[in-house]
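# Fold and contact review
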Amino acid sequence: MGRTDEAAAELIDLRRSFHQCLSPWGDALFELCDAALCSSAPVGSVPSLSLEPEFRRSHGSLYKSLADGDVDNVRLRQLLVEHRPKEWPLVFAVDASTWDRCDAECSPERGFYYSASKHSAGQPIVAGWSYQWICQLGWASDSWTAPLDVERIPPRHDAANATTEQIRRLVGLLPDDGEVPLFVFDAGYNPIAIGHHLAEERCECLTRIRDDRVFFADPPARPNRPKETGGRPPRHGRRFKCSDPKTWMRASASLVATDPRYGTVRVAAWHGLHPRVIGRGRWADHSGAPPIVRGTVIRVEVEHLPKPTSQTKKTLWLFWSGPSQPDLERCWRAYLRRFDIEHTFRFIKNTMGWTTPSLCTPDQADRWTWLMIAAYTQLRLARHLVDDLRLPWERRSDPKKLTPVRVRRGFRRLRATIGTPASPPKSVMPGPGRPKGTRKPPRTRYPAVKKAA
């Protein structure tokens, strides 16, 4: 078989296996996913998907599938890992996105989260659900990623603990005889807590840090002294402040590279540095003295930014933790590719309508989120199988470099060729509906959870 036949066979196998992960109401959930894939316009509402020819059931089945259906997320996670792009490096972006439900007083487990586009009472926060995504990244200059896991983090759960558990689960599904997985985080994550919890795992973590962070080297070895004259040994050595070059010691490793978008890139790394951890907050219940979490502080300086008018700083500070020593070339390129996950969020929200449905319960939102991940994975596998159906005012694109939006336009034609594993509906008669004379009681109100500082 050629490359096209192999891609078609992989897509058909994914669709068949994904259909087996849906039960009950599996056929309705699968056709709902196909309707979102084959819609000619961005998804504006979930009821409108029942009008698509790919959804052969009534609009009542659409609501019941989201309310009473089920997605085997354990099996689906394994399926996504099996169909991940094998030629891509084991580099993963970890980031959270908010599903805003500001006025949904009857929706439980809502919390207040940061939002860059929507404000509440003049502050960039919204009430809703927070979903944390893990997407595999590639080195190509495009907007494609490979989502492999997603988890809703309730507001009362600790974000760092939930992140480490999610990473452990994914590391257990990845092969353990090759490249060490690298997880990239943006600012806002706690690199010390994540590095401490994942110290025994076969993975690397790379997190962006502020340029005013302070670290310390290991203290120098003390000579042997009698116990009567010796005090408590020091825990910290020479001070290292990122914003003060006078405190920098000689770099442990350095690298100079060239990039067409950033020009000359200079990377310097200092191994064996650790921050000062105080025994309060997260470490208040830690037995004994607070832990010493060692890592590598990496400084990345670029010659220029892609946008000449940008006022963003050209210096980037990163904290790496993991086994052995970091690969500087892999680290700085991985962090720059991390922003591809932002393109995935924009496409999933604006085009696929991830946060469009006004769903009531978080369980319904979880089912819809897994459908979105399965839909995006099908688009990634189909990008070499569809034609470029560009609009009259759009430029021609390389058929091998189609964007997710253009692949979605041609998916309806492809679906007519590869078929569907969903069974046709058994009946076309509408249901009896609610019995006459019955009323529902008032629904329970759930205030959004506001966590203390």
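Since the model is a prediction, treat every value here as computed from it, not as a measurement.

Let us now look at the overall build of the protein. Across its full length, the protein holds 11 helices and 12 strands. Across its three principal directions, the C-alpha atoms of the protein cover 90 × 55 × 45 Å. Within the protein, buried positions represent 47% of all 453 residues. Relative to all contacts within the protein whose residues are 6 or more apart in sequence, the contacts with residues 24 or more apart total 69%. Approximately 24200 Å² of the protein is accessible, and the part contributed by carbon and sulfur atoms is 50%. Charged side chains of the protein number 70 positive and 50 negative; the gap between the two group centres comes to 5 Å.

Bringing the environment of Lys314 into the picture now. Summarising the element assignment, Lys314 is placed in the loop between strand S11 (295-302) and strand S12 (315-321). Since its relative accessible area comes to 41%, Lys314 is described here as partly exposed. Distance from Lys314 to Val300, taken between C-alpha atoms, is 8.2 Å for residues 14 residues apart in sequence. Once residues lying within four places of it in the same chain are set aside, the contact partners of Lys314 are Val300, Glu301, Val302, Glu303, His304 and Leu305. Among the polar contacts listed, one links the side chain of Lys314 to the backbone oxygen of Glu303, at a separation of 3.3 Å.

Counting residues in hydrophobic clusters, the biggest one holds 100 residues, and the most contacted among them are Phe18, Trp133, Phe183, Ile298 and Trp368. Among the elements that take part in this core, helix H9 (residues 362-381) stands out by supplying 11 residues, more than any other. Ignoring anything within four residues of it in the chain, the contact list for Ile298 reads Leu206, Val267, Ala268, Ala269, Leu316, Trp317, Leu318, Trp320, Leu328 and Cys331. Phe240, Ala268, Leu273 and Val293 belong to the second largest nonpolar core, which has 18 residues in total.

This paragraph deals with the packing of helix H2 (residues 26-38) against helix H3 (residues 59-68). The description of two packed helices rests on the angle between their axes and on the distance between the axes. Relative to each other, H2 and H3 sit at 110°, their axes nearing to 9 Å. Taken together, H2 and H3 sit at an angle that is classed as roughly perpendicular. Across the interface between the two elements, Ala28, Leu29 and Leu32 from H2 touch Ser61, Leu62, Ser65 and Leu66 from H3. Broken down by class, the residue content of the contact of H2 with H3 amounts to five nonpolar, two polar and no charged.

Now for the layout of surface pockets. In this structure, the largest pocket encloses a volume near 1500 Å³. Lining the largest pocket are 46 residues; nearest its centre among them are Asp95, Ala96, Ser97, Thr98 and Tyr114. Mapped onto the lining of the largest pocket, the elements with two or more residues apiece are strand S1 (91-100), strand S2 (111-114), strand S3 (125-136), helix H5 (159-173), helix H6 (191-197) and helix H8 (340-350). For the lining of the largest pocket, the element with the most residues is H8, which contributes six residues. Of the residues assigned to the lining of the largest pocket, the class counts are 19 nonpolar, 14 polar and 13 charged. When its volume is computed, the second largest pocket comes out at roughly 1200 Å³. Lining the second largest pocket are 34 residues, and of these Tyr262, Leu305, Pro306, Leu336 and Phe339 lie nearest its centre. The biggest single contributor to the lining of the second largest pocket is helix H7 (residues 328-337), with five residues.

Next up on the list: H8. Inspection of H8 places Asp340, Ile341, Thr344, Phe345, Phe347 and Ile348 among the buried residues, and these make up the whole buried set. The buried residues of H8 all sit within an arc of 170° when viewed along its axis, so they share a single face.

What follows is about helix H11 (residues 411-418). Where H11 is concerned, the buried positions are Phe411, Leu414, Arg415 and Ile418. All buried residues of H11 project into a common sector of 105° when viewed along the axis, lining one side. Residues of H11 that are exposed and angled more than 90 degrees away from the buried face: Arg413, Ala416 and Thr417. Residues of H11 that are buried make contact with helix H1 (3-20), H2, H9 and helix H10 (404-409). Gly419 sits one or two positions beyond H11 and adopts a positive phi of about 80°.

Rules used throughout
- Residues numbered from 1 in each chain as written.
- Predicted model: local features only at pLDDT ≥ 70, side-chain atom pairs only at ≥ 80, totals over all residues.
- Heavy atoms only, no water.
- Helix = DSSP H or I, 4+ residues; strand = E, 2+ residues; numbered from the N terminus.
- Buried < 20%, exposed > 50% of the residue type's maximum accessible area, 1.4 Å probe, protein only.
- Contact = heavy atoms within 4.5 Å.
- Areas by Shrake-Rupley, 256 points an atom, 1.4 Å probe, with all protein chains shown as cover.
- Lys, Arg positive; Asp, Glu negative; His and termini not counted.
- Charge placed at Lys NZ, Arg CZ, Asp CG, Glu CD.
- Polar contact = N/O pair within 3.5 Å; in protein donor to acceptor, adjacent residues only side chain to side chain.
- Core = buried A, V, L, I, M, F, W, Y, C linked by side-chain atoms within 4.5 Å.
- Axes fitted to C-alpha atoms, helices over the stretch in contact; angles between N-to-C directions.
- Parallel < 35°, antiparallel > 145°, perpendicular 65-115°, else oblique.
- Nonpolar A, V, L, I, M, F, W, Y, C, P; charged D, E, K, R; others polar.
- 1 Å grid on protein atoms, 1.4 Å probe; cavity = no way out; pocket = protein on both sides within 12 Å on 5 of 7 lines; lining within 4 Å.
- Points joined across faces, edges and corners; volume = space filled by probe spheres on them.
- Arc of directions from axis to C-beta.

The quantities given are spatial measurements derived from coordinates; they are silent on function.
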